[in-house]
Amino acid sequence: QVQLVESGGGLVQPGGSLRLSCAASGSIFSINAMGWYRQAPGKQRELVAAITSGGSTNYADSVKGRFTISRDNAKNTVYLQMNSLKPEDTAVYYCNAPQGGWGPGYFGSWGQGTQVTVSS
């Protein structure tokens, strides 16, 4: 069974930074692109960043230039470095493996997510 465990969220002021981590089971991590999703209150879950097994990255326009996705294949871990955070980045952040590199489908089961709150 695929397991995804997110961590690193918290409360940060606008303009601040956070680094999220996602530990994934090896069966999914080694063969698939991995991505970070977020879901804000009252909104649909959206994919904001993805990285292929080879290291190619893709970002939603809303986070491009501010967020950086990376992966450590030896640790089966994917990261999301979030800089210049805005209140509209407030959401629960999840990781998963988007089908075809950018979805809309995905391979894994959703974890608990990690809450990111951007507020002064």
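Everything in this summary refers to the structure shown in the same document. (Residues numbered from 1 in each chain as written. Predicted model: local features only at pLDDT ≥ 70, side-chain atom pairs only at ≥ 80, totals over all residues. Heavy atoms only, no water.)

1. Points about the sheet that holds strand β8 (residues 77-82)
In space, the four strands of this open sheet follow the order β1-β3-β8-β7, with antiparallel pairing throughout. Each edge of the open sheet carries a strand with a single partner, namely β1 (4-7) and β7 (67-72). Sheet twist, expressed as the average angle between the axes of neighbouring strands with direction ignored, equals 15°. As judged from the six bridges shared by strand β3 (residues 18-24) and β8, these two strands associate in the antiparallel manner. Note that in β8 the partner of Arg19 across the bridge is Gln81. (Pairing = 2+ DSSP bridges. Helix = DSSP H or I, 4+ residues; strand = E, 2+ residues; numbered from the N terminus. Axes fitted to C-alpha atoms, helices over the stretch in contact; angles between N-to-C directions.)

2. Things to note about unusual backbone geometry
For the peptide bond that leads from Gly103 to Pro104, omega is 15°, which places it in the cis range. By the secondary structure assignment, Pro104 is in the loop between β9 (91-96) and β10 (114-118). Of note in this structure, Asn76 is not a glycine but carries a positive phi near 50°. Within the fold, Asn76 resides in the loop between β7 and β8. Given the relative accessible area of 22%, Asn76 is considered partly exposed. Residue Ser84 is not a glycine yet carries a positive backbone phi of 50°. On the secondary structure map, Ser84 appears in the loop between β8 and β9. (Buried < 20%, exposed > 50% of the residue type's maximum accessible area, 1.4 Å probe, protein only.)

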